[in-house]
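Residues per chain are reported as follows:
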Amino acid sequence: MATFHFDLVSPEKLAFSGEVDQVDIPGLEGDFGVLAGHAPVVAAVRPGILTITTGGTHEKVIVLGGLAEMSGSGLTVLADVATSIADVDRAQFAETIAEMEAKLAEKEGSELDHAIERLDHFKSIQIELNATAMH
């Protein structure tokens, strides 16, 4: 399988840099996979789990929004936050979701819509975390 260069960058660090077989990205318009030779594209990244595939291994990284750009030089994802699933404190993550739910009552209109959407993304991530913990 042909490989391509991939960089995952967050404000804190360069989370990943190297040659990969495939990257699956949680896009705002829907999840999408990138392989070598993918057409140039710029896409918004929603909160979710990004999967990096290299040599048959899959590395899962939680991203909380950002931007993905595929060009002739490879794929770059500029993530607001990028944390390996292995490094996630599941109890803290569940507490964050509970706090988000408690704050919903304080919001209204489009602010409420945005908060519900973000909460849904976090709950989707939590489901994936729980499924990963079982395997």
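Right above here is the structure, for reference.
Values in this document were obtained by computation on a predicted structure and should not be read as measured data.

Student: Looking at this structure, I do not really get the packing of aromatic side chains. What am I missing?
Tutor: Remark: the centre distance and the inter-plane angle together describe each pair of aromatic rings, the angle taken between the planes. Under the defined criterion, the tally for this structure stands at 2 aromatic pairs. Their ring planes at 35° and their centres at 5.7 Å tell us that Phe 6 and Phe 16 sit as a pair that is tilted. Of this pair, Phe 6 sits in strand S1 (residues 4–9) while Phe 16 sits in strand S2 (residues 14–20), placing them 10 residues apart in sequence. No difference in accessibility class separates Phe 6 from Phe 16, as the two residues are buried.

Student: It is not clear to me how the pairing of strand S6 (residues 57–71) should be interpreted in this structure. Could you clarify?
Tutor: Regular strands place side chains that alternate from one sheet face to the opposite one. In the sheet, strand S5 (residues 41–54) pairs with S6 via 13 bridges, with the strands oriented antiparallel. Bridge assignment links Pro 47 to a residue of S6, and that residue is Leu 64. Joining the antiparallel neighbours S5 and S6 is a turn of 2 residues, in which Gly 55 adopts a positive phi near 55°. Two strands pair when backbone bridges link them, and S6 and strand S8 (residues 82–84) are joined in this way by 3 bridges, in the antiparallel orientation. Bridge assignment links Val 63 to a residue of S8, and that residue is Ala 82. With 6 bridges joining them, S6 and strand S7 (residues 74–79) adopt antiparallel strand pairing. If you follow Met 70 over to S7, its bridge partner there is Leu 75.

Cut-offs and rules
Residues numbered from 1 in each chain as written. Predicted model: local features only at pLDDT ≥ 70, side-chain atom pairs only at ≥ 80, totals over all residues. Heavy atoms only, no water. Phe/Tyr/Trp six-rings, centres within 6.5 Å; stacked < 30°, edge-to-face > 60°. Helix = DSSP H or I, 4+ residues; strand = E, 2+ residues; numbered from the N terminus. Buried < 20%, exposed > 50% of the residue type's maximum accessible area, 1.4 Å probe, protein only. Pairing = 2+ DSSP bridges.

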